[in-house]
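The lines below spell out each chain.
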Amino acid sequence: MLALTLEEFMVELNDGAIKNVGPNNKAATVKLFDVESTEAREFGDKRVKLVFEDEDDNEIQVSLFPEDVRALADDIEALEEESAVFD
């Protein structure tokens, strides 16, 4: 299931073209639940792309610098040691 929340979002649709309306203060939150597949791969010369997909083919891609991937791996390792989630 993909949940998408858009804030301060307004666009103009004119002759098939989408144009921003108003200030550039838009924000979005995307949540993907019931992920069925995950993948990590190189993205350019300096980033890692994480790809998450659910059974309905909804997909989220996130590109991170290596230091952010290492921090995420450390967080997961801490969860494995301290949380009942991995029991």
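Residues numbered from 1 in each chain as written. Predicted model: local features only at pLDDT ≥ 70, side-chain atom pairs only at ≥ 80, totals over all residues. Heavy atoms only, no water.

A. Geometry of the overall build of the protein chain. Along the protein chain, the regular secondary structure elements total 1 helix and 7 strands. For a compact globule of 87 residues, the expected C-alpha radius of gyration is about 12 Å, and the protein chain comes in at 17 Å, more than 25% above that figure. Projected onto its principal axes, the C-alpha coordinates of the protein chain cover approximately 55 × 30 × 25 Å. Taken over 87 residues, the protein chain has a buried fraction of 9%. Across the protein chain, the fraction of contacts at a sequence separation of at least 24, relative to all contacts at a separation of at least 6, is 21%. As presented, the protein chain carries roughly 7200 Å² of accessible surface, and 49% of it is formed by carbon and sulfur atoms. (Helix = DSSP H or I, 4+ residues; strand = E, 2+ residues; numbered from the N terminus. Rg over C-alpha atoms; globule rule 2.2 N^0.38 Å. Buried < 20%, exposed > 50% of the residue type's maximum accessible area, 1.4 Å probe, protein only. Contact = heavy atoms within 4.5 Å. Areas by Shrake-Rupley, 256 points an atom, 1.4 Å probe, with all protein chains shown as cover.)

B. Broad picture of unusual backbone geometry. If you check the backbone angles, aspartate 15 has positive phi at about 55° while not being a glycine. As for its position among the elements, aspartate 15 is in the loop between strand S2 (11-14) and strand S3 (17-20). Judged by relative accessible area, aspartate 15 falls into the exposed class, the value being 79%. In this structure, aspartate 34 takes a positive phi of about 55° despite not being glycine. Looking at aspartate 34, the relative accessible area reads 60%, which means it is exposed.

C. View of the confidence of the model for the protein chain. For the protein chain, the average pLDDT comes to 93, and 100% of its residues sit at 70 or higher. Averaged over each element, pLDDT in the protein chain is lowest for strand S1 (residues 2-7) (86) and highest for strand S6 (residues 47-54) (97). (pLDDT = per-residue confidence, 0-100.)

D. Examining a negative patch on the surface more closely. Among the surface-exposed residues, Asp34, Glu36, Glu55, Asp56, Asp57 and Glu59 lie close enough to one another that they form a single negatively charged patch. Within the secondary structure, aspartate 34 is located in the loop between strand S4 (27-32) and strand S5 (35-43). (Patch = residues over 30% accessible without salt bridge, like charges linked within 9 Å, V, L, I, M, F, W, Y side chains within 5 Å. Salt bridge = Lys/Arg side-chain N within 4 Å of Asp/Glu carboxyl O. Lys, Arg positive; Asp, Glu negative; His and termini not counted. Charge placed at Lys NZ, Arg CZ, Asp CG, Glu CD.)

E. Structural view of the sheet that holds S5. Taken in spatial order, the 3 strands line up as S5-S6-S7 in an open sheet, and their pairing is antiparallel. Each having just a single partner strand, S5 and strand S7 (59-64) make up the two edges of the open sheet. Here the average twist between neighbouring strands, direction ignored, is 15°. (Pairing = 2+ DSSP bridges. Axes fitted to C-alpha atoms, helices over the stretch in contact; angles between N-to-C directions.)

F. Region of the structure containing the side chain of aspartate 54. Following the sequence through the fold, aspartate 54 ends up in strand S6. A polar atom in the side chain of aspartate 54 sits 3.0 Å from the backbone nitrogen of methionine 1. The contact partners of aspartate 54, leaving out residues within four places of it in the chain, are Met1, Leu2, Leu32, Phe33, Asp34, Val35 and Glu36. (Polar contact = N/O pair within 3.5 Å; in protein donor to acceptor, adjacent residues only side chain to side chain.)

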